[in-house]
Amino acid sequence: MTLKYDVVVIGGGHAGCEAACASANMGAKTLLVTMDMNKIAQMSCNPAVGGIAKGQIVREIDALGGQMGIVTDRSTIQFRMLNIGKGPAVWSPRAQCDRGKFIWNWRTVIDHTPNLDVWQDQVCELMAEKGQVIGVRTIWGAEILARAVVVTAGTFLNGLMHIGRKMVAGGRIAEPAVSDFTESITRHGIRSARMKTGTPVRIDKRSVHFDELEEQPGDTSYYQFSYMGEARTLQQLPCWTVNTNAKVHEILRSGLNDSPLYNGQIQSIGPRYCPSIETKLVTFPDREQHPLFLEPEGEDTNEMYLNGFSSSLPMDVQIEALKQMPAFRDVKVYRPGYAIEYDFFDPTQLKHTLESKKLDGLFFAGQVNGTTGYEEAAGQGLVAGVNAALKCDGNNEFVMHRDESYIGVLVDDLVTKGVDEPYRMFTSRAEYRILLRQDDADARLTERSYAMGLAKKDRYDRWMEKKQAIERIEAFCKTFPIKAKEINPALEKLGTTPLQFGVKLEDLVARPQLNFRNLSEIVPELRELIESAPNRKEEIAEAAEIRIKYKGYIEREKQVADKMHRLENIKIKGHFDYNTIQSLSTECRQKLTAIDPDTLAQASRIPGVSPSDINVLLVLMGR
């Protein structure tokens, strides 16, 4: 049987779902191929979305017209805004989700997306002719022809699971690995390698002594992920914290000889920023305890996730160690933690569109690019899906710069720097953090996405309404006069310096002790203006306040970004045979030849390319 589509997406995880929906919403006839339709967007590890920098990515996906934010809001059972005590550049939303409802909310989105079909099968072969992808074949004999193929296979490519010395082929617990597909890709000259990740034990909450744990409630604020979604409707549940102890560590250490990480079974690199509990013991031998977080898997299930206890130790060692903590002395588990090794493809072989440099029409997104995390995968999926659809129409490419989005930072890091461990996004990776705040993703991205055809009119209209409301508040604060004599008593009560003479309201907003909340109590006109804002007035007021309060910092960072754009505009691809330029360092020549960057700015971010090398290229470009 032969099927024909514009775009075929391989894998129904977070990257695949976003890729398929983005492609279809761009107008391309799209097919999503997944091994199990009942596990669409399965949260294989922690049932949570967002976190430091990851939350910003989700808001960017939403601002662009993606689906992750909407699905998350519909599935949230606890929401927290992280880093709220710091500056707004690093505020990061995070939501604990109901795992089952997350899957079915995603399934509903996919079922109601025009131009999108689903095929339950396993792909085993990539088909290509004369350097051009033409489709894929499946294990059941279906031949799917397409002008673009997006590979989002997660951890399934030659997946191998480990619990102690026991090894079982699989892409996820109780699910088969995908064999042969990697080899059908690498035969075209595309390099692959191996990575490792892991997941913790799952616990039956009926066996937990919660009186021995510290409760960690969520926020009750107005925050949510999607600019379009409605308020949270599911029951909001607490998480719980507990610490390991010396007895726990003693038992865990007794099993290190049987640990796949230390007995030679696992050779690949795991995620540095999400280490297993045995790695923590080896790396920090003097630590007497490590924090763990017990998190619900849903509002109607007894299954709980023990964050911080990722492990591939033998199952009896894992369970016995757990029982040394008073809260888990009678613990029952649904399954132990395990590690998994899988194939990925060197992302420096990709363009910034996430299309392969080797095969025309082949795109990669998610863990197959060496990343870790649902959010990083979904952001890549959206970029790949959009560009696959654009490829079919022969239109312009969709690429975001580093000062435009965290997704832009992510993609640029992958294709210019590559990975030597599973890549995870942090705010520290972005040099323009003040411009990439979680509160202004729609300001940065929605109009561009609407012009491209991904964001729809309802999303665009919602942003324009919000934009106008923000501008009204900004204009009001810029022009509204404040008289010293009338305001000083209130200012003294708020612990801030009295005025010597009259100022505009924006001058008061800039003070660290003052904000819209306390100023609204002493400036009734401001309160009335905020209350008159349409739809999500708290979000509108916060966005306006941040823009006023941090105006100087924002403008300064924009100037720095504009200077870098000058290098972004200097195209070098195809201009040089780097191996013949002896004034470049040997490492530089090797890296530039291997990666072949499009612009001078991209070249400047490649490890091993020094500022002096960039100056050499600048001189040669001048000639």
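Our structure is the block above this text.
On a predicted model such as this, the values are computed, not experimentally measured, just so you know.

Colleague: When you look at the sheet that holds strand β4 (residues 76-82) in this model, what are you seeing that I'm missing?
Modeller: Strands belonging to one sheet form pairs held by backbone hydrogen bonds; the direction of such a pair is parallel or antiparallel. With antiparallel pairing, the three strands of this open sheet are ordered in space as β3-β5-β4. Unpaired on one side and paired on the other, β3 (48-50) and β4 mark the two borders of the sheet. Looking at each pair of strands side by side, their axes are set apart by 15° on average, direction ignored. Bridge count for β4 against strand β5 (residues 92-97) is six bridges, and the pairing is antiparallel. Note on β5: the bridge partner recorded for T76 is C97. The sheet strands contacting helix α3 (residues 68-75) are β3, β4 and β5, and the helix crosses β4 at an angle near 115°.

Colleague: Can you help me understand the packing of helix α9 (residues 374-393) against helix α10 (residues 406-417) in this one?
Modeller: The axes of two packed helices give the description: the angle between them and the distance between them. The geometry of α9 relative to α10 is characterised by a closest axis approach of 10 Å and an angle of 85° between their N-to-C directions. As far as their axial angle goes, α10 and α9 are roughly perpendicular. On α10, the residues touching E376, G379, Q380 and V383 of α9 are I407, L410 and L414.

Colleague: Is there a simple way to think about the pattern of salt bridges in this case?
Modeller: For side chains of opposite charge, pairing can occur when their charged atoms come near one another. This structure, assessed with the given rule, holds 44 salt bridges. For the salt bridge of E297 with R202, the shortest nitrogen-to-oxygen distance reads 3.2 Å. With E297 in the loop between β15 (291-296) and β16 (303-310) and R202 in strand β12 (residues 192-204), the pair connects residues that are 95 residues apart, well separated along the chain. The partner of E568 in a salt bridge is R605, with the nearest N and O atoms 3.2 Å apart. Of this pair, E568 sits in helix α18 (residues 551-568) while R605 sits in the loop between α20 (600-604) and α21 (611-622), and the two are 37 residues apart along the sequence. Under the relative-accessibility criterion, E568 is labelled buried at 10%. Looking at R605, the relative accessible area reads 13%, which means it is buried.

Colleague: Can you help me understand the pairing of strand β14 (residues 239-243) in this one?
Modeller: Side-chain positions along a regular strand alternate between the two faces of the sheet. Counting buried positions along β14 gives four out of five residues, so the element sits mostly inside the fold. Relative to β14, strand β13 (residues 214-216) is paired through three bridges, and the arrangement is antiparallel. Residue pairing in the sheet places E215 in a bridge with W240 of β14. Across four bridges, β14 lies against β15 in antiparallel orientation. Looking at β15, one finds that V242 is bridged to L292.

Thresholds, definitions, all that
- Residues numbered from 1 in each chain as written.
- Predicted model: local features only at pLDDT ≥ 70, side-chain atom pairs only at ≥ 80, totals over all residues.
- Heavy atoms only, no water.
- Pairing = 2+ DSSP bridges.
- Helix = DSSP H or I, 4+ residues; strand = E, 2+ residues; numbered from the N terminus.
- Axes fitted to C-alpha atoms, helices over the stretch in contact; angles between N-to-C directions.
- Contact = heavy atoms within 4.5 Å.
- Parallel < 35°, antiparallel > 145°, perpendicular 65-115°, else oblique.
- Salt bridge = Lys/Arg side-chain N within 4 Å of Asp/Glu carboxyl O.
- Buried < 20%, exposed > 50% of the residue type's maximum accessible area, 1.4 Å probe, protein only.

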